[in-house]
Amino acid sequence: MPRRKEKTMIHAYHPTTIKMHWNNCPHAVTLWKRKVQYDRSIFQAGVIAHAILEQIGKCPEEDPKEIADEVVKTICSEGRDYDGEPEPPAPLQDAIEGAKLALDWHERYPVENGEGITHEHPFAFDQNWKEVDYNSTQARFRTLLDVVEISEEYDEESDGSYTVAVVRDYKTSWVATENELDSFQRRCQAVVVWLKYNPDVIKLEVANLRMKKTFRKEIHVAFEEDTLQQWLEEINLSLDTLDRDLRPNPGPGCTTCFYKMKCKHFDNMYNGEDLIQKYIAAKAIVAQTEKEVKKLLIDSSPIESGNQMIGYTQKQRKKVTADTNEKLLEVWKEQGWNLDELYPQLSLGVTGVEKIAKIIYKNKNERTELTQKLFKVEPYSSFGIHKQKK
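Fair warning: this is a prediction, and the values are worked out from it, not measured in the lab.

The rules behind these values
- Residues numbered from 1 in each chain as written.
- Predicted model: local features only at pLDDT ≥ 70, side-chain atom pairs only at ≥ 80, totals over all residues.
- Heavy atoms only, no water.
- Core = buried A, V, L, I, M, F, W, Y, C linked by side-chain atoms within 4.5 Å.
- Buried < 20%, exposed > 50% of the residue type's maximum accessible area, 1.4 Å probe, protein only.
- Contact = heavy atoms within 4.5 Å.
- 1 Å grid on protein atoms, 1.4 Å probe; cavity = no way out; pocket = protein on both sides within 12 Å on 5 of 7 lines; lining within 4 Å.
- Points joined across faces, edges and corners; volume = space filled by probe spheres on them.
- Helix = DSSP H or I, 4+ residues; strand = E, 2+ residues; numbered from the N terminus.
- Pairing = 2+ DSSP bridges.
- Axes fitted to C-alpha atoms, helices over the stretch in contact; angles between N-to-C directions.
- Expected span 1.5 Å × (residues − 1).
- Patch = residues over 30% accessible without salt bridge, like charges linked within 9 Å, V, L, I, M, F, W, Y side chains within 5 Å.
- Areas by Shrake-Rupley, 256 points an atom, 1.4 Å probe, with all protein chains shown as cover.
- Salt bridge = Lys/Arg side-chain N within 4 Å of Asp/Glu carboxyl O.
- Lys, Arg positive; Asp, Glu negative; His and termini not counted.
- Charge placed at Lys NZ, Arg CZ, Asp CG, Glu CD.
- Disulfide = S-S within 2.5 Å.
- Phe/Tyr/Trp six-rings, centres within 6.5 Å; stacked < 30°, edge-to-face > 60°.
- Lys NZ or Arg CZ within 6 Å of the ring centre and 35° of its normal.
- Right-handed = clockwise from strand over helix to strand, strands pointing away.
- Arc of directions from axis to C-beta.

Visitor: Could you give me a rundown of the nonpolar core, with the residues and numbers involved?
Guide: Residues F141, I202, L228 and I235 are the most contacted members of the largest nonpolar core, which totals 42 residues. Beyond its immediate stretch of four places on either side in the chain, I202 contacts A165, V167, A190, W194, K217, E218, I219, V221 and L228.

Below, the structure written as structure tokens:
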């Protein structure tokens, strides 16, 4: 197969740039190289939360609420610069949401500061993986880490010290759980900290601001250096690939692509004759616009469109009252029935069984053992756009 022409221009890639190629389409990376702007509103709550936690860490003597207010006022009036690229002001509603996430987190888990702790730690490397200034024109790979803590720990067994690097990444997505600990972004974070600090132990943390929970994973470098080297080689291979001319491959990845509304290949999908491609494009447009349409109409009456209405309408549904259980049991007994006769009439679902199991067993392993005996797994059809299982 003929080799594609290599580009001579140096691009400073981020882990998120590489993920565009993985999750969306190679053309997304091409548009990124061209500095095409896209709607970043879905990130604004997270951007505000990160900025506030960063400033709280850097200015521990100042009042957190005053810090949050100043961040909100600045980003909502002036916008911000990201990697030298100006971004428009954030919507106030998203900023207030982000500020609440940050302050609630800090109230429960105070942001640490002091020697060895760096907030919004910049990392940049050239094509030979030599560290360079973050804004250097020779930078080929860049990343900003929310919090990096470098400390020396004492080991009683060896009567010596060892270096520990804690890498904390704040997340505002509900889906950011323990699965994030083995994501490509986490691997990149481990690699850059390993290259710069050469620690003995790397502790990766995903701090979910919405769930108020931190997920952790440890890497003991002496035993896993081959793994870190392999991750570095995978990153390097990705960078070499992204340097080339990239052929568009529109498809299901367009549904989550930030550039879809600026992409001619996406337009061709939507306007073409292929029914499946049109379906994918339509789903992508709904995903792009639904959140904004909901915001637009949340305090408004539904908008008429032909014989349809778009917006929020009042509907009714049946719900059990808080004392339904007691009343139902009372009537059941009054009619002469006993509990053994009531139980078979109850339709227990998975959620109900899990709730009962939590009452029976406080230990998670014992609960799991019980529910495994009570549940069965069976296949079912789920229509839509799905990721391929690897």
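Here the narrative resumes.
Visitor: An account of the layout of surface pockets is needed here, citing residue identities and associated values.
Guide: As a volume, the second largest pocket reaches approximately 220 Å³. Lining the second largest pocket are N325, Y343, L346, L348, G352, K355, I356 and I359. When residues in the lining of the second largest pocket are grouped by element, the largest group, 4 residues, is from helix α12 (residues 350-360).

Visitor: How would you summarise the sheet that holds strand β3 (residues 117-125) if you had to cite specific residues and measurements?
Guide: The strand order across the open sheet formed by 5 strands is β3-β4-β5-β6-β7, and the pairing between neighbours is mixed. Two strands close off the open sheet at either side, each with one partner strand: β3 and β7 (213-220). Each strand of the sheet is rotated relative to its neighbour by a mean of 35°, with strand direction disregarded. Alignment of β3 against strand β4 (residues 141-155), held across 8 bridges, turns out to be antiparallel. Opposite I117, over in β4, you have E149 as the bridge partner. Where helix α7 (residues 221-242) meets the sheet, it contacts β4, β6 (201-208) and β7, and its direction lies at approximately 105° from that of β7.

Visitor: Can you explain helix α3 (residues 44-58)? Please cite residues and give values.
Guide: End to end, α3 covers 21 Å across 15 residues, agreeing with the expected 21 Å (1.5 Å per residue, within 8%). Summarising burial for α3: 12 of the 15 residues are buried, a large majority. Listed in full, the buried residues belonging to α3 are Q44, A45, G46, V47, I48, A49, A51, I52, L53, E54, I56 and G57. On its buried face, α3 sits against α4 (64-77), β1 (80-82), α5 (92-108), β3 and β5 (160-171).

Visitor: I'd like a rundown of a negative patch on the surface, residues and numbers included.
Guide: Together, E61, E62, D63 and E66 make up a region of like negative charge exposed at the surface. Secondary-structure assignment places E62 in the loop between α3 and α4.

Visitor: Please set out the state of the cysteines residue by residue, giving values where relevant.
Guide: Going through the model one piece at a time under the given rule, you end up with 0 disulfides. C76 carries a free sulfur, and the closest cysteine sulfur to it, the one in C59, is 19 Å from it. C257 carries a free sulfur, and the closest cysteine sulfur to it, the one in C254, is 6.3 Å from it. Look at C257 and you get buried, because its relative accessible area is 9%.

Visitor: Summarise the packing of aromatic side chains; cite the residues concerned and give the values.
Guide: Scanning the model with the defined rule gives 10 aromatic pairs in all. On the basis of an interplanar angle of 55° and a centroid distance of 4.4 Å, the ring pair of W22 and F184 is categorised as tilted. Separated by 162 residues along the polypeptide, W22 in helix α1 (residues 15-23) and F184 in helix α6 (residues 184-197) bring together distant segments of the chain. A relative accessible area of 9% places F184 in the buried class. Ring plane angle 50° and centroid distance 5.7 Å describe the contact between Y279 and F383, whose orientation is recorded as tilted. Of the two residues, Y279 sits in helix α9 (residues 275-297) while F383 sits in the segment after α13 (364-374), which places them 104 residues apart along the sequence. Residue classification places Y279 among the partly exposed positions, given a relative accessible area of 29%. The class for F383 is exposed, based on a relative accessible area of 76%. It is R142 that lies over the ring of Y134; its NZ or CZ is 5.3 Å from the centre. Just above the ring of Y197 sits the side chain of K196; from NZ or CZ to the centre is 5.4 Å.

Visitor: Go over the pairing of β5 with me, naming the residues and quoting the values.
Guide: In terms of burial, β5 is a largely internal element, 9 of the 12 residues being buried. As judged from the 9 bridges shared by β4 and β5, these two strands associate in the antiparallel manner. Following the sheet pairing, V147 is matched in β5 by R168. The loop that links β4 with its antiparallel partner β5 comprises 4 residues; one of these, D159, has a positive phi angle of about 55°. Note: β5 against β6, 8 bridges, orientation parallel. The residue of β6 that forms the bridge with V164 is V201. Handedness of the crossover is the feature at issue here: the chain leaves β5, passes through α6, returns alongside β6, and the resulting connection is right-handed.

Visitor: Describe the environment of V201, and please don't skip the residues or the numbers.
Guide: With respect to the helices and strands, V201 occurs in strand β6. We classify V201 as buried; its relative accessible area is 6%. Taking the C-alpha atoms as reference points, V201 and V166, separated by 35 residues in sequence, lie 8.4 Å from one another. In this structure, V201 is in contact with Y162, T163, V164, A165, E218, I219, H220 and V221, ignoring residues within four places of it in sequence.

Visitor: Describe α5, naming the residues involved and giving the relevant values.
Guide: Owing to its 3.6 residues per turn, the α-helix aligns residues three or four sequence positions apart on the same side. With 17 residues, α5 should reach 24 Å at 1.5 Å per residue; the first-to-last C-alpha distance of 24 Å fits that figure. Those residues of α5 that fall on the buried side of the exposure criterion are D94, A95, G98, A99, L101, A102, W105 and H106. Angular distribution of buried residues about the axis of α5 spans 160°; they occupy a single face of the element. Those residues of α5 that are exposed and aimed more than 90 degrees away from the buried face are L92, Q93, I96, K100, E107 and R108. Taken together, the buried residues of α5 touch α3, α4, β5, β6, β7 and α9.

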